[in-house]
Amino acid sequence: MTMRITWAEASARRIERQFLATSAKPGVPVADVVATMLGAHAQVLSAAELSVGVRTEGTTRSHVREALWEDDRSLVKTHGPRGTVHLLPTAELPLWCAALPAVPAGSVFAPDVRVTEEQAGQIVAAIGDALDGVCLTVDELSEEVVARTGAWAGDLVMPAFQTLWPRWRQVLHRAGWSGALCFGPNRGRKVTYTRPPHFDPLPADDAVRTLVRRYLRAYGPGTPAWFAKWLAAPGGWSSALFGRMAEAGEIEEVDFEGTAAWVAAGDTEFPRDGDRDRVRGVRLLPYFDAYGIAAQPRELLFPGAAYRRALAGGQAGNFPLLLVDGVVSGVWHQRRRGRRTTVTVEPLRRLTARQERELGERVERVGEVLEAEAELVVGEVTVGPHA
C-alpha cells in the first residue's frame, strides 16, 4: 500500500531538516548548514548571509565571510543550481562539479553569438589556467582568456544590461561548474575571480543520482517536475532519471496530498500528530532563500493571497518571506542605514500576540546576523520584487 503524506507532515519534516524549527547550535560549521540547504543563493551576498544566519545560533555575516575567504575556506562562492551564484561547501565541489555539467542545457544566444563545444572547452581551460593561484577582476580575466584562446573570444556580441559583453562570458557559469572558477574577495567595489582548490569530480551518473537523493531528503516528497524546476533541467530528462532510480530501488513512491511523489529509499519517517507542532511559529526568510525556492507545491506553500503577493509572475525568491506556521503569510524588506536597519514586515493575516512577540525576536535576529541594530515596522512593503 502506498504511504500517504500530508502537507503538514512534509512541512514539519522539511522545516526540521532545514534548521528552521531548531537552529543549529554554536559550533556547527556554517558549511554543514549550507549543505543541508543544498546551497545558499548568493547573487546578493547579504541574502546568503541571512539564509545561513537565521538557521543558526550566534552566526553573523562575519562568520560566513570568514568561511569564504579566511581560515579553512570551507565555503566557496560559485555558480550552482540554475547557473545562479550560490555558496556551496568546498568539500562538496566534487559532487556539484560532476552533477551540474551533466544536466542537459541549450543556448539562449543567437547562432552568431554562440560558441561551439570545442570553443567552450578552450575558454574553460583558459579561465582555469589564468586563475590558478591569483584573483583577477573580470576585465583582467577577459584579457587573459583572449590571450589564451584568440580574438574571437573577446568579440563584443553578448547583449547584457544595455551594453555588450565579450563572447567568452556566456560560459562563465560552466567554468564555475567545472571547478575552473569561483569568486574571490572583492577588490574595492570590483568583483574578483579565482580558482578553488583542485579536486577530482565524482562520476557524473553517481553525482546526479546522489543529488536527487539529497534533494528528496531535504525537500521531499518530490516529483520529477519539481526537481527539474529547482535545477532548471529539462522535464523529460528528470522524468527518465527518476524512472531509472525507481527501477534500481533508490527512491520509493508515496502519495503526497493526492500526487504521486517520491522520497529517498527508506527515508519514510515523517512527524506525526503532536510532532507536527514543530512547524508552528514565525520565521523570516531572505531573498531567494533555498526553502522558498525548493519547497513544493507552490500553491500550498503560498496559499491564497500569498500566491499573488509574494511571487513575481509565479517565480519564487523575488520577495523576502514571512512564514507563519509553515506557510507564506507575508513579505518583508530591510533598509540599512549605517549601523541601523529598518525591517518592514507586511503580514497578510492577523498575527496573535504570541506571533507578534516572536516576529520581534526574528527581526532582532536579522539585525544580529547583519551586525546592525534592527527596528521593526509593521506596514506595507512598497518596494518591488528583488529591490
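Values in this document were obtained by computation on a predicted structure and should not be read as measured data.

(A) Structural detail: helix H6 (residues 117-131). Between its first and last C-alpha atoms H6 spans 21 Å; for 15 residues at 1.5 Å apiece the expected length is 21 Å, and the two agree. Of the residues making up H6, those classed as buried are Ala120, Ile123, Val124, Ala126, Ile127, Gly128, Ala130 and Leu131. Buried residues along H6 sit against strand S5 (136-137), helix H7 (138-149), helix H8 (172-178) and strand S9 (190-194). Where H6 terminates, the next one or two residues include Gly133, which has phi positive at roughly 85 degrees.

(B) View of the sheet that holds S5. One open sheet accounts for 3 strands, arranged S5-S9-S8; its pairing is antiparallel. Both edges of this open sheet fall to S5 and strand S8 (182-187), since each of them pairs with a single strand only. With 4 bridges joining them, S8 and S9 adopt antiparallel strand pairing. The residue bridging Arg187 from the neighbouring strand is Lys190, located in S9.

(C) Spatial organisation of empty space enclosed by the protein. Applying the stated criterion across every chain yields a total of 3 cavities of 30 Å³ or more. Considering only enclosed or pocket space, the largest cavity measures out at about 100 Å³ in volume. If you trace the largest cavity, you find it lined by Phe19, Leu20, Ala21, Thr22, Ser23, Val54, Arg283, Leu284, Arg362, Arg365 and Val366. Elements that contribute at least two residues to the lining of the largest cavity include exactly strand S12 (282-285) and helix H15 (353-370). Examining the composition of the lining of the largest cavity, we find that 3 residues originate from one element, H15, more than from any other. Here the lining of the largest cavity is built from residues that sort into 6 nonpolar, 2 polar and 3 charged.

(D) Fine view of the packing of helix H9 (residues 204-219) against helix H10 (residues 224-231). Running from N to C, H9 and H10 cross one another at 105 degrees; their axes reach a closest spacing of 11 Å. Taken together, the axes of H9 and H10 are roughly perpendicular relative to one another. In this structure, H9 uses Leu211, Val212 and Tyr215 to contact H10, whose residues at the interface are Trp226, Phe227, Trp230 and Leu231. Residues belonging to the contact of H9 with H10 are distributed by class as follows: 7 nonpolar, no polar and no charged.

(E) Quick peek at the environment of Ala316. Mapped onto the elements, Ala316 comes out in the loop between helix H14 (305-309) and strand S13 (321-324). Put simply, Ala316 and Arg61 are 255 residues apart on the chain and 24 Å apart in space, counted from C-alpha to C-alpha.

(F) Here's a closer look at the layout of surface pockets. Estimates place the volume of the largest pocket at around 1,700 Å³. Lining the largest pocket are 50 residues; nearest its centre among them are His79, Gly83, Arg169, Leu172 and His173. Sort the elements by how many residues they give to the lining of the largest pocket and H8 lands first, with 5 residues.

(G) Expanded view of the pairing of S9. Two elements, S5 and S9, share 2 bridges in a ladder whose sense is antiparallel. By the bridge assignment for S9, Thr137 is matched with Thr192. In this antiparallel pair of consecutive strands, S8 and S9, the connection spans 2 residues, and Gly188 shows a positive phi of 65 degrees.

Quick notes on the rules
- Residues numbered from 1 in each chain as written.
- Predicted model: local features only at pLDDT ≥ 70, side-chain atom pairs only at ≥ 80, totals over all residues.
- Heavy atoms only, no water.
- Helix = DSSP H or I, 4+ residues; strand = E, 2+ residues; numbered from the N terminus.
- Expected span 1.5 Å × (residues − 1).
- Buried < 20%, exposed > 50% of the residue type's maximum accessible area, 1.4 Å probe, protein only.
- Contact = heavy atoms within 4.5 Å.
- Pairing = 2+ DSSP bridges.
- 1 Å grid on protein atoms, 1.4 Å probe; cavity = no way out; pocket = protein on both sides within 12 Å on 5 of 7 lines; lining within 4 Å.
- Points joined across faces, edges and corners; volume = space filled by probe spheres on them.
- Nonpolar A, V, L, I, M, F, W, Y, C, P; charged D, E, K, R; others polar.
- Axes fitted to C-alpha atoms, helices over the stretch in contact; angles between N-to-C directions.
- Parallel < 35°, antiparallel > 145°, perpendicular 65-115°, else oblique.

Note that every value here comes from positions in space, so none of it alone points to a role or purpose.
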